[in-house]
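For reference, the chains in residue letters:
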Amino acid sequence: MSEKLQKVLARAGTGSRREMESYIQAGRVSVNGVVAKLGDRLDDPSALVRVDGHAVPLNAPSESVCRVLAYNKPEGELCTRSDPEGRRTVFDRLPKLKDARWVAVGRLDANTSGLMLFTTDGELANRLMHPSRQVQREYMVRVFGEVNEDMVRKLVAGVELEDGVARFEDVVYAGGEGMNHTFYVVITEGRNREVRRLWETQGVTVSRLKRVRYGDIYLEKDLPRGGWREMELKEVNYLREMVEMQPESQTVITPEDQKRKKSRQKIRRAVRRYEERIDSNDKPKKARQARRGNAPAAGPKGAGPKKGNQRPGAPRGKGKPRTRK
């Protein structure tokens, strides 16, 4: 049975289905030497498919094992595979794969931290991101400015943005001092900067934003910034069943791996070693910049993102989060 080309490429882990559609439109995909067009279907599973000139091994649905990572993104990292300016990306710290690649389930702004999911199954990523699935994303947000009940009612009812009406599924106040107030908000779409833009319509500014939940997957308090963990089969199948995909029967996590679960201290050591390696590689570059007189300005001593709050106790699935005290 034939399948749409972008779906086959997504399943092979080349990227999300949406990304593959843009690749096809840009003429970056060929099948047996012929440039593909959007809407093409793949009838021959043995066909030679290339993306940017590189052959892509095509996997049947039963041949590939669906893997999912939970990653605690720090502020400052970009959600791109590579950056021309050499800045850090969310893919830099992830484990290397052979004959597959990690596909990000949505994006977070450089100034936004918190939970990100990565999977080797592009079709799973596409469904989790699609607005029709109404998968909840919960954020801890700190805003600067006066906030009243009327503003919150408007944000829940819906306000007009440049790309259409948007709204929060729920807004829960979590405290604050002076002009700084903390809320937990829930959305079911992944539009660009949606949380920030919604608050800006009310004349307040988001000073900190952190994703703490995606569906029923929470950002665990013992997962340090820059750390990741591989999800077990039960969690993977929760995500697959939530978006009406067949459950996975295999996992790369062995019983020995489960017994040797990494402690918080071990993960922190791994993150610290990565930071030290990156810093040591940056020193020659900074020295060259200093000699040329264009060294980057140093920040204040001790600057950097502060430790975030513990994850909230919101309910599972698509329900609304309970009020936090």
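This one's a predicted model, so the numbers in the text were calculated from it and none came from an experiment. (Residues numbered from 1 in each chain as written. Predicted model: local features only at pLDDT ≥ 70, side-chain atom pairs only at ≥ 80, totals over all residues. Heavy atoms only, no water.)

Turning to the environment of Arg11, a few remarks are in order. Along the chain, Arg11 falls in helix H1 (residues 5–11). Accessibility expressed as a relative area gives 11% for Arg11, which makes it buried. For the pair formed by Arg11 and Leu124, sequence separation is 113 residues and the distance between their alpha carbons is 8.2 Å. (Helix = DSSP H or I, 4+ residues; strand = E, 2+ residues; numbered from the N terminus. Buried < 20%, exposed > 50% of the residue type's maximum accessible area, 1.4 Å probe, protein only.)

Across soluble globular proteins, nonpolar side chains show a tendency to be buried alongside one another. Core analysis: the largest hydrophobic core is formed by 32 residues, its most contacted members being Phe118, Phe168, Val185 and Trp199. For this core, the elements supplying multiple residues, two or more each, are strand E7 (68–73), strand E9 (113–119), strand E10 (137–144), helix H4 (149–157), strand E11 (159–161), strand E14 (180–187), helix H5 (194–200) and strand E15 (205–214). When residues no more than four places from it in sequence are discounted, the contact partners of Trp199 are Val141, Val143, Val147, Leu155, Phe168, Val171, Phe183, Val185, Val204 and Val206. With 22 residues, the next largest nonpolar core counts Ala125, Leu128, Tyr214 and Leu223 among its residues. (Core = buried A, V, L, I, M, F, W, Y, C linked by side-chain atoms within 4.5 Å. Contact = heavy atoms within 4.5 Å.)

Even without glycine at this site, Asp52 takes up a positive phi of about 55°. On the basis of relative accessible area, Asp52 is assigned to the partly exposed category, the value being 41%. For Glu244, which is not a glycine, the phi torsion comes out positive at approximately 60°.

Within the secondary structure, His181 sits in strand E14. In this structure His181 comes out as buried when scored by relative accessible area, which is 13%. Within the structure, His181 has its side chain in polar contact with the side chain of Tyr173 (distance 3.2 Å). If we skip the residues at most four places from it in the chain, His181 touches Val141, Arg142, Val143, Gly145, Tyr173, Gly175 and Gly176. (Polar contact = N/O pair within 3.5 Å; in protein donor to acceptor, adjacent residues only side chain to side chain.)

A few words on the pattern of salt bridges. The tally for this structure, following the rule as stated, stands at 24 salt bridges. The salt bridge involving Lys154 is made with Asp150; its shortest N-O contact spans 3.6 Å. Here Lys154 and its partner Asp150 are both found in helix H4, four residues apart, which amounts to about one turn of the helix. For Lys154, a relative accessible area of 40% translates into the label partly exposed. In this structure, Glu235 engages Arg229 in a salt bridge whose closest nitrogen and oxygen atoms are separated by 2.8 Å. The exposure class of Glu235 is partly exposed, given its relative accessible area of 22%. Owing to a relative accessible area of 16%, Arg229 belongs among the buried residues under this scheme. (Salt bridge = Lys/Arg side-chain N within 4 Å of Asp/Glu carboxyl O.)

This paragraph deals with the environment of Val68. Tracing the backbone shows Val68 in strand E7. Expressed as a C-alpha distance, the spacing of Val68 and Thr251, which sit 183 residues apart in the sequence, is 10.0 Å. Among residues more than four places away in sequence, those in contact with Val68 are Phe118, Thr119, Leu124, Arg229, Glu230, Met231, Val236 and Leu239.

A separate point is the pairing of E14. By the criterion of burial, E14 is predominantly enclosed, with seven of the eight residues buried. In the sheet, E10 pairs with E14 via eight bridges, with the strands oriented antiparallel. Note on E14: the bridge partner recorded for Glu138 is Val186. Taken together, the seven bridges between strand E13 (residues 170–177) and E14 define a ladder with antiparallel strand orientation. Following the sheet pairing, Gly176 is matched in E14 by His181. Hairpin connection between E13 and E14: a loop of two residues separates the two successive antiparallel strands, and Gly178 in this loop has a positive phi of roughly 60°. (Pairing = 2+ DSSP bridges.)

Here the focus is the sheet that holds strand E3 (residues 34–35). Sheet architecture is open: four strands sit in the order E3-E2-E5-E6, paired in antiparallel fashion. Lying at the two open borders of the sheet, with one neighbouring strand each, are E3 and strand E6 (54–55). Where strand E2 (residues 29–31) lies against E3, two bridges are found, and the strand directions are antiparallel. By the bridge assignment for E3, Ser30 is matched with Val35.

Once that is clear, we can look at the packing of aromatic side chains. Each pair of aromatic rings is reported with the distance of its centres and the angle of its planes. According to the stated counting rule, one finds five aromatic pairs in the structure shown. Aromatic side chains Phe168 and Trp199 sit 5.9 Å apart centroid to centroid with 45° between the ring planes, which places their arrangement in the tilted category. Highlighted residues: Phe168 in the loop between strand E12 (164–166) and E13 and Trp199 in helix H5, separated in sequence by 31 residues. Across the pair, exposure class does not vary: Phe168 and Trp199 are buried alike. These aromatic residues form a ring-pair network of at least three members: Phe168, Tyr173, Phe183 and Trp199. Cation over ring: Arg28 sits above Tyr23, and NZ or CZ is 3.7 Å from the ring centre. (Phe/Tyr/Trp six-rings, centres within 6.5 Å; stacked < 30°, edge-to-face > 60°. Lys NZ or Arg CZ within 6 Å of the ring centre and 35° of its normal.)

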